[in-house]
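Each chain is listed here by its residues.
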Protein chains: 2
Amino acid sequence: MPDGLKPLKVSYHHGDLPQQAHQLALEILREHGDAAISLRALAKQIGVSAPALYRHFIDRESLLAELAVTGFEALRERLLAVDQSAPRRALIDIGLVYVSFAQDEPNLYRLMFGGRVLPKGVHPRLDTAGKGAFQVLEDTIARAQKVGYIKPMPLALMTAAAWSLVHGLSQLTIDGHLPSADAAPQLTEGVVTLLLDGSLADNEQHKDTTT
Amino acid sequence: MPDGLKPLKVSYHHGDLPQQAHQLALEILREHGDAAISLRALAKQIGVSAPALYRHFIDRESLLAELAVTGFEALRERLLAVDQSAPRRALIDIGLVYVSFAQDEPNLYRLMFGGRVLPKGVHPRLDTAGKGAFQVLEDTIARAQKVGYIKPMPLALMTAAAWSLVHGLSQLTIDGHLPSADAAPQLTEGVVTLLLDGSLADNEQHKDTTT
DNA sequence: GAATGATGTTATCATCGTTAACAATGTTAT
DNA sequence: ATAACATTGTTAACGATGATAACATCATTC
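Residues numbered from 1 in each chain as written. Chains lettered and ligands numbered in written order. Predicted model: local features only at pLDDT ≥ 70, side-chain atom pairs only at ≥ 80, totals over all residues. Heavy atoms only, no water.

1. With respect to the overall build of chain A
Thought 1: Per the secondary structure count, chain A includes eight helices and zero strands.
Thought 2: Taken from N to C terminus, the helices and strands of chain A fall in the order α-α-α-α-α-α-α-α.
Thought 3: For chain A, the proportion of its 211 residues judged to be buried stands at 52%.
Thought 4: Contacts in chain A between residues at least 24 apart in sequence constitute 66% of all its contacts with a sequence separation of at least 6.
Thought 5: Carbon and sulfur atoms form 55% of the exposed surface of chain A, whose accessible area is close to 10,300 Å². (Helix = DSSP H or I, 4+ residues; strand = E, 2+ residues; numbered from the N terminus. Buried < 20%, exposed > 50% of the residue type's maximum accessible area, 1.4 Å probe, protein only. Contact = heavy atoms within 4.5 Å. Areas by Shrake-Rupley, 256 points an atom, 1.4 Å probe, with all protein chains shown as cover.)

2. Here we look at the UniProt feature "DNA-binding region" (unreviewed entry) in chain A
Thought 1: Sequence positions flagged by UniProt for "DNA-binding region" (unreviewed entry) are, in local numbering, residues 38-57 of chain A.
Thought 2: Between the end C-alpha atoms of residues 38-57 of chain A there is a gap of 13 Å, over a span that is 40% helix and 0% strand. (UniProt positions renumbered as here; feature names shortened; annotations may be inferred.)

3. A short note on the pattern of salt bridges
Thought 1: In the structure shown here, the tally under the stated rule is 14 salt bridges over all chains.
Thought 2: Among the ionic pairs, Arg-30 of chain B bridges to Glu-105 of chain B, the shortest N-O distance being 2.8 Å. Taken together, the residues Arg-30 of chain B in helix α1 (residues 17-32) and Glu-105 of chain B in the loop between α4 (87-104) and α5 (106-113) connect sequence positions 75 residues apart.
Thought 3: The salt bridge involving Asp-175 of chain B is made with Arg-110 of chain B; its shortest N-O contact spans 2.3 Å. You can see Asp-175 of chain B sitting in the loop between α7 (155-174) and α8 (185-197) and its partner Arg-110 of chain B sitting in helix α5, a full 65 residues away along the chain.
Thought 4: If you follow the salt bridges from partner to partner, you end up with Arg-89, Asp-93 and Glu-189 of chain A in one network. (Salt bridge = Lys/Arg side-chain N within 4 Å of Asp/Glu carboxyl O.)

4. Side note on the environment of Val-192 of chain A
All names here are of chain A.
Thought 1: Take Val-192: it is sitting in helix α8 (residues 185-197).
Thought 2: The class of Val-192 is buried, set by a relative accessible area of 8%.
Thought 3: In this structure the C-alpha to C-alpha distance between Val-192 and Ala-162, which are 30 residues apart in sequence, comes to 7.9 Å.

5. Section: the nonpolar core
Thought 1: Grouped together as the largest cluster of nonpolar side chains are 141 residues, with contacts concentrated most on Trp-163 of chain A together with Trp-163 of chain B.
Thought 2: Not counting the four nearest positions on each side in its chain, Trp-163 of chain A is found in contact with Tyr-98, Phe-113, Phe-134, Leu-137 and Gly-168 of chain A together with Leu-172, His-177 and Leu-178 of chain B. (Core = buried A, V, L, I, M, F, W, Y, C linked by side-chain atoms within 4.5 Å.)

6. Here's the deal with the interface of chain A and chain B
Thought 1: Contact with chain A, which involves 53 residues of that partner, is made by 53 residues of chain B.
Thought 2: The contact between chain A and chain B buries some 5,100 Å² in all, and 62% of this surface belongs to carbon and sulfur atoms.
Thought 3: If you look at where chain A meets chain B, you find two salt bridges.
Thought 4: There are 17 residue pairs in polar contact (both at pLDDT 80 or more) connecting chain A and chain B.
Thought 5: Of all elements in the fold, only α4 (87-104), α5 (106-113), α7 (155-174) and α8 of chain A reach the threshold of two or more residues within the side of chain A that touches chain B.
Thought 6: No other element matches α7 of chain A, which puts twelve residues into the side of chain A that touches chain B.
Thought 7: For the side of chain A that touches chain B, the per-class residue count stands at 22 nonpolar, 19 polar and twelve charged. (Buried area = accessible area lost by both parts, 1.4 Å probe. Polar contact = N/O pair within 3.5 Å; in protein donor to acceptor, adjacent residues only side chain to side chain. Nonpolar A, V, L, I, M, F, W, Y, C, P; charged D, E, K, R; others polar.)

7. What about the relation of the copies chain A and chain B?
Thought 1: Once chain A has been moved 0.0 Å along the axis and rotated by 180°, it coincides with chain B to within an RMSD of 0.0 Å. Expressed as an axis order, the relation between the two copies is that of a two-fold axis.
Thought 2: Of all interface residues in chain A, 98% are interface residues in chain B too; the two copies therefore contact each other through one and the same surface. (Least-squares fit on C-alpha atoms with pLDDT ≥ 70 in both.)

8. Points about the packing of α5 of chain B against α7 of chain B
All names here are of chain B.
Thought 1: The geometry of α5 relative to α7 is characterised by a closest axis approach of 11 Å and an angle of 130° between their N-to-C directions. Taken together, the axes of α5 and α7 are oblique relative to one another. Along this stretch, α5 crosses α7, giving a crossing that reads as left-handed. Counted together, Pro-106, Tyr-109, Arg-110 and Phe-113 of α5 and Trp-163, His-167, Ser-170, Gln-171 and Ile-174 of α7 form the full contact between these two elements.
Thought 2: Looking at the contact of α5 with α7, its residues break down into five nonpolar, three polar and one charged. (Axes fitted to C-alpha atoms, helices over the stretch in contact; angles between N-to-C directions. Parallel < 35°, antiparallel > 145°, perpendicular 65-115°, else oblique. Left-handed = near helix turned anticlockwise from the far one by under 90°.)

9. Description of the side chain of Ser-199 of chain B
Thought 1: Along the chain, the position of Ser-199 of chain B falls in the segment after α8.
Thought 2: Within the structure, Ser-199 of chain B has its side chain in polar contact with the backbone oxygen of Leu-195 of chain A (distance 2.5 Å).
Thought 3: In contact with Ser-199 of chain B, not counting residues within four places along its chain, are Ile-150, Lys-151, Met-153, Met-158, Leu-195 and Leu-196 of chain A together with Leu-194 of chain B.

10. Let's talk about α5 of chain B
Thought 1: A large share of α5 of chain B lies buried, amounting to seven of its eight residues.
Thought 2: By the burial criterion, the buried members of α5 of chain B are Asn-107, Leu-108, Tyr-109, Arg-110, Leu-111, Met-112 and Phe-113 of chain B.
Thought 3: Next to the buried residues of α5 of chain B lie α7 of chain A together with α1, α3 (60-80), α4 and α7 of chain B.

11. As for the packing of aromatic side chains
All names here are of chain A.
Thought 1: For the structure on display, the rule yields ten aromatic pairs over all chains.
Thought 2: Ring geometry for Phe-72 against Phe-113: centres 5.4 Å apart, planes inclined by 75°, an arrangement best described as edge-to-face. Of the two residues, Phe-72 sits in helix α3 (residues 60-80) while Phe-113 sits in helix α5, which places them 41 residues apart along the sequence. Assigned by exposure class, Phe-72 and Phe-113 land together as buried.
Thought 3: For the ring pair Tyr-109 and Phe-113, a centre distance of 4.8 Å and an interplane angle of 40° mean the geometry is tilted. A residue pair is termed a helical-turn pair when its members lie 3 or 4 positions apart in one helix, as Tyr-109 and Phe-113 do in helix α5 at four residues.
Thought 4: Residue classification places Tyr-109 among the buried positions, given a relative accessible area of 0%. (Phe/Tyr/Trp six-rings, centres within 6.5 Å; stacked < 30°, edge-to-face > 60°.)

Below, the structure is given as structure tokens:
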């Protein structure tokens, strides 16, 4: 039998299927969103049969969960890189970095926080990865509070406010809901500043702080 | 031919397919999320063939868009019902109503703001419905500003901040990301209050307001 | 060198959104 | 009244998806 007619495939086993599937899926996610990820198409592109993927991923959702985990880890790294020397600047920069991450990777960010596609409590690694990113934000706030830059108040309250603000701003800008959706960093900075300094007119600042 | 053997269906035409489909789809959405909406299952439950639905809805996405429209209209009505006499109270109440709407109808809210399932600019009625709800929030802020309760600043900035805050808080609580996800109204009130009064310690309040 | 477990393959199922071709019904003009 | 037309249903079928079962191949280990 001439060599030319032998099947081209050298090895029956692929050798690196999980890693390559993860990588390719991540690229498809970033370019076309999670809905565009099809296990069949994925397998075909890699040159492997579709059920082979099920040897490495329990199901489609688990694959998506892994992608979201890498997303949270990337976000955490970016947040850890901000300078923490000056409390005010650190708080603002944390917000800037957070929102710009969402704007750089909108599809990845949507997957990370798409409550309906990746329900909480189902993928433990995902939950801990999310906690990890959240922790950086909370630590920054706690530091500012310990230094006395921020009001004494329940840490959970300030954290909830800050996270809600940057998360909401991220979500609204990447979905085009905000009129000034130019993704302008100055919008983010202005919004974060409002949370720090407040929105009241000067003459209203210290009268009627009871809610 | 005895009457008992005649087909039970009285009329060939259904008569109210669009309305009934909309209603049933809305119930399924509210209980099981948008992913659970299948046109085939919908048609079967109504007692009609699947392609019949395409006489009234261009495709599945258009049906979902109609559901989201009703969601925005419901949200707008709730927001319009808050008392606007006192500016501070109005601002806080707007936030409370907004977040509690999301918590009452998490699946509907997720559909309304699920950027990947209902892309912006594709369904005009959806975009205008969204604008309508947003307008109430903006009007409330503009009113507070005109009275002098709120700092003079670009309206778009304050609006972006307020909307980001309540939207982010809604999203995070309904997806269980916030530790104190008890949906406690006091959390919302505290968070909105922070945006109004600011987060700085008293001794920091009026020094270094430059960003 | 046989047994074993990991990792692929093919075959198959159920489901889905969607379209095409056709049938029944309601409406309107002649 | 009836012929033409528009509306709204029907069945049949296509292509794609996630998922499972049964079987094949390969690497490793006793």
